[in-house]
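Structural description and commentary
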2 protein chains.
Amino acid sequence: MDTMRTEISDLGEFGLIEHLTKNNEIQQAGTLLSVGDDAAVIDQFGRQSVISTDLLIEGVHFDLTYTPLKHLGYKSVVVNLSDIYAMLATPTHITMSVGISNKFSVEALEEFYEGVYAACERFHVDLIGGDTSTSQKGFIISVTAIGEVAPDKFVTRSGARVNDLICVTGDLGAAYLGLQLLEREKKIFRENPTIQPNLEGQAYLVERLLKPEPRADVVEWLVDNGITPTSMIDVSDGLSSEMLHICTKSEVGCVLHEEKIPLHPDTVHMAMEFHVGSAACALNGGEDYELLFTIKQEDYAKISENKDISVIGFITDKNEGAHLLTKGGGKHKLVAQGWNAF
Amino acid sequence: MDTMRTEISDLGEFGLIEHLTKNNEIQQAGTLLSVGDDAAVIDQFGRQSVISTDLLIEGVHFDLTYTPLKHLGYKSVVVNLSDIYAMLATPTHITMSVGISNKFSVEALEEFYEGVYAACERFHVDLIGGDTSTSQKGFIISVTAIGEVAPDKFVTRSGARVNDLICVTGDLGAAYLGLQLLEREKKIFRENPTIQPNLEGQAYLVERLLKPEPRADVVEWLVDNGITPTSMIDVSDGLSSEMLHICTKSEVGCVLHEEKIPLHPDTVHMAMEFHVGSAACALNGGEDYELLFTIKQEDYAKISENKDISVIGFITDKNEGAHLLTKGGGKHKLVAQGWNAF
């Protein structure tokens with residue numbers, strides 16, 4: 001056979017999505033924003049809905065050897081809500097489909113759904129549908145979140161302008177180190193099952209990985225204070241990757257200051273133990289589910305009042321590229337090392 | 001360990017969903033219809049959206065040895081649209097997530113998406129989002145469909161009343177026989193690869209399985225003719241299973257006339273070849289994606305004008321149960337033999 005074969009790894013995740021959706025034709029007048037942002041936006045009769053979906057697969061996105069099912073249920077919901085919040089919207093509903101092999105008992109699934117309902121209750125979201133199926137191997141979770149936003153108040157990845165300030169919520173890199181920690185303890189346990197995992201004093205890092213919290217609070221604060229970010233994205237694949245998404249979509253460049261990247265003391269400490277740079281964990285780690293956004297300079301005074309928001313850089317002209325200024329005064333090109341599981 | 005373990009197979013699919021969602025609390029005032037119908041309905045600012053989702057897993061829901069990827073893409077979309085039409089609503093948008101192992105090439109995925117876009121174009125639906133992930137094994141597809149319906153005009157499974165007439169569109173049982181045919185040819189081919197599959201003259205049965213068409217036409221006709229079914233469901237798991245869903249949700253009984261069940265001549269012929277009753281294929285086969293609905297008696301004259309709709313029985317009191325009257329005059333209790341893959 002002489003059929004052409006292109007490996008998916010040649011394109012990577014983002015390249016693949018772009019390739020497959022390049023001929024996607026919009027037919028509905030109400031489609032305001034389609035593939036390529038944190039969520040899509042549809043407008044019908046003046047109301048705007050925001051829709052996002054995620055597929056989570058055992059062995060790819062989570063490891064059940066150290067992920068309690070209740071936490072997994074909670075996280076499956078909140079990673080989707082995070083995408084809705086990243087549009088400056090409010091999530092209202094989810095659907096949840098699961099594919100399960102017969103190694104799972106009803107009690108195990110109950111535990112998973114306990115976490116799902118806990119997230120729904122905490123963020124005032126209704127579970128309105130789903131599908132339950134057998135799977136040949138592993139646990140498969142598909143969630144779609146639906147939210148609402150005041151007409152034309154949604155924030156995309158494409159509105160950043162030169163001189164805008166770059167902001168990020170909370171702190172970054174902790175979830176990545178939580179993962180490294182759990183992977184290390186899993187390896188030790190496998191090699192010698194008499195040694196029990198030592199996670200003492202590491203609650204923060206582990207919780208950041210296993211039970212992330214979407215920044216509903218910051219979105220509410222922004223709306224209440226009349227601050228509309230010019231662009232926004234949630235940090236699921238690492239700061240570098242998300243920053244580059246904003247730069248590409250907004251057709252701008254950026255400068256990030258390494259010393260301004262917010263890090264938790266536990267992150268700094270554990271990065272040293274693992275002999276990696278703590279800023280590198282923030283830049284390339286991912287799974288923080290914080291919000292990365294840009295604001296106009298005139299909003300700086302207001303933003304600086306919120307201790308949960310750090311200004312970490314500014315937007316430049318596209319020709320200047322995307323760079324990181326290190327503490328030592330070096331200037332490095334920003335590179336996306338995020339997700340590439342293929 | 002003394003932990004209780006209940007097997008999922010003890011509950012079955014529908015029992016499992018009911019069990020896991022029994023504590024599902026509704027918090028959003030706009031949630032009009034939640035888990036337990038073909039789709040959910042949410043109302044915000046007077047507009048009503050209908051949402052449905054499906055998870056399709058290789059080896060469970062489809063077999064790539066005889067399913068062309070383009071057909072699979074098309075079918076993944078239309079089985080979801082069928083759920084939206086079953087609410088008397090019009091689909092407008094979908095999200096599509098795929099999990100793929102590295103055995104797939106970019107070209108293979110392109111073929112799949114060709115089918116996806118063909119369905120979107122045919123039914124005027126926009127693909128607005130999704131997720132692409134690696135999978136450890138097999139092809140995983142998750143689709144969420146969103147539609148709209150005039151306020152409070154959606155049709156559920158729970159509105160059937162005593163003396164209503166039971167109607168079904170098109171013909172039933174063909175997809176099931178298409179599947180048996182392909183499974184037979186696959187087995188023959190595996191045992192002796194020099195024998196090529198013999199599907200001559202079986203285009204109808206095979207196409208009913210591989211390229212089902214949701215009944216957008218019938219929904220449009222019903223709306224245009226001012227006929228609002230009292231209850232409706234799409235036939236994905238076989239006539240018996242769907243009829244029992246309507247009876248349970250509407251708290252009624254029913255009588256179905258075997259001789260009235262619409263069958264295609266190819267279905268009758270192939271059922272004989274396989275030594276099974278053709279009505280049994282309709283009752284237990286599934287994957288027909290026709291619409292099963294009930295109407296008030298006063299709508300009978302209008303309904304009888306549409307040659308694509310057959311009246312196959314009537315609704316009775318709950319105490320009378322759900323029965324099938326056979327051609328020979330026998331009366332059998334209706335039993336759901338649909339999906340139970342656990």
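Placed above this text is the structure.
Here's a quick rundown of the structure. From a predicted model like this one, the values you see are computed outputs, not experimental measurements.

Brief notes about the overall build of chain A
The number of helices and strands found in chain A is 10 helices and 13 strands. For chain A, whose C-alpha radius of gyration is 20 Å, the value lies close to the compact-globule estimate of 20 Å for 342 residues. C-alpha atoms of chain A, sized along the principal axes, occupy 55 × 55 × 55 Å. Taken across its 342 residues, chain A has 57% of its residues classed as buried. Here the contacts in chain A between residues at least 6 apart in sequence split such that 82% fall between residues at least 24 apart. Approximately 14400 Å² of chain A is accessible, and the part contributed by carbon and sulfur atoms is 50%.

Details of the sheet that holds strand β12 (residues 322-325) of chain B
Either a parallel or an antiparallel arrangement is found when strands of a sheet pair, and the pairing is made through backbone hydrogen bonds. All names here are of chain B. Here we have seven strands laid out as an open sheet, ordered β8-β10-β7-β11-β9-β12-β13, and mixed in their pairing. Both outer strands of the open sheet, β8 (231-234) and β13 (331-333), are each paired with one neighbouring strand and no more. Taken over all neighbouring pairs, the strand axes of this sheet differ in orientation by 25° on average, direction set aside. In this sheet, strand β11 (residues 309-316) lies alongside strand β7 (residues 165-169) in antiparallel orientation, the contact comprising five bridges. Within β11, the residue paired with Val168 across the bridge is Ser310.

Let's talk about the interface of chain B and chain A
Across the boundary between the two partners, chain B contributes 77 residues, which contact 77 residues of chain A. Between chain B and chain A lies a buried interface of about 6800 Å² when both sides are counted; carbon and sulfur atoms form 57% of it. By the criterion of area lost to chain A, the three top residues of chain B are Leu20, Arg47 and Ile128 of chain B, representing 10% of everything that side buries. Counting across the chain B and chain A interface gives zero salt bridges. Here chain B and chain A share 38 residue pairs in polar contact (both at pLDDT 80 or more) between them. Broken down by secondary-structure element, the contributors of at least two residues to the side of chain B that touches chain A are α1 (8-21), β2 (40-44), β3 (47-57), β4 (90-100), α3 (106-122), β5 (126-134) and β6 (140-149) of chain B. For the side of chain B that touches chain A, the residue count by class is 32 nonpolar, 30 polar and 15 charged.

Regarding the sheet that holds strand β9 (residues 253-257) of chain A
Residues and elements named next belong to chain A. Ordered in space as β8-β10-β7-β11-β9-β12-β13, the seven strands form an open sheet in which the pairing is mixed. On the outer flanks of this sheet lie β8 (231-234) and β13 (331-333), each paired with one strand and no other. Averaged over all pairs of adjacent strands, the angle between strand axes in this sheet comes to 25°, irrespective of strand direction. As paired strands, β9 and strand β12 (residues 322-325) are joined by four bridges and run parallel to one another. Paired with Val255 across the two strands is His323, which belongs to β12.

Points about the relation of the copies chain B and chain A
With an RMSD of 0.0 Å, the operation that places chain B on chain A is a rotation of 180° combined with a shift of 0.0 Å along the axis. Viewed as a symmetry operation, the transformation between the two copies matches a two-fold axis.

Quick look at the pattern of salt bridges
A full pass over the atoms with the stated rule returns 32 salt bridges over all chains. The partner of Asp217 of chain A in a salt bridge is Arg215 of chain A, and the shortest N-O contact between them spans 2.9 Å. By relative accessible area, which is 39% here, Asp217 of chain A ends up partly exposed. Here Lys103 of chain B makes a salt bridge to Glu58 of chain B, at a shortest N to O gap of 3.3 Å. A residue pair is termed long-range when its members are at least 10 positions apart, and Lys103 of chain B in the loop between β4 and α3 and Glu58 of chain B in the loop between β3 and α2 (69-85) qualify at 45 residues. Classification of Lys103 of chain B as partly exposed rests on a relative accessible area of 49%.

Some thoughts on the pairing of β8 of chain A
Residues and elements named next belong to chain A. Going residue by residue along β8, you find Ser231 and Ile233 tucked away on one face and Met232 and Asp234 tucked away on the opposite face as well. Where β8 lies against strand β10 (residues 291-295), four bridges are found, and the strand directions are antiparallel. Residue pairing across strands places Ile233 opposite Leu292, the latter belonging to β10.

Parameters and conventions
Residues numbered from 1 in each chain as written. Chains lettered and ligands numbered in written order. Predicted model: local features only at pLDDT ≥ 70, side-chain atom pairs only at ≥ 80, totals over all residues. Heavy atoms only, no water. Helix = DSSP H or I, 4+ residues; strand = E, 2+ residues; numbered from the N terminus. Rg over C-alpha atoms; globule rule 2.2 N^0.38 Å. Buried < 20%, exposed > 50% of the residue type's maximum accessible area, 1.4 Å probe, protein only. Contact = heavy atoms within 4.5 Å. Areas by Shrake-Rupley, 256 points an atom, 1.4 Å probe, with all protein chains shown as cover. Pairing = 2+ DSSP bridges. Axes fitted to C-alpha atoms, helices over the stretch in contact; angles between N-to-C directions. Buried area = accessible area lost by both parts, 1.4 Å probe. Salt bridge = Lys/Arg side-chain N within 4 Å of Asp/Glu carboxyl O. Polar contact = N/O pair within 3.5 Å; in protein donor to acceptor, adjacent residues only side chain to side chain. Nonpolar A, V, L, I, M, F, W, Y, C, P; charged D, E, K, R; others polar. Least-squares fit on C-alpha atoms with pLDDT ≥ 70 in both.

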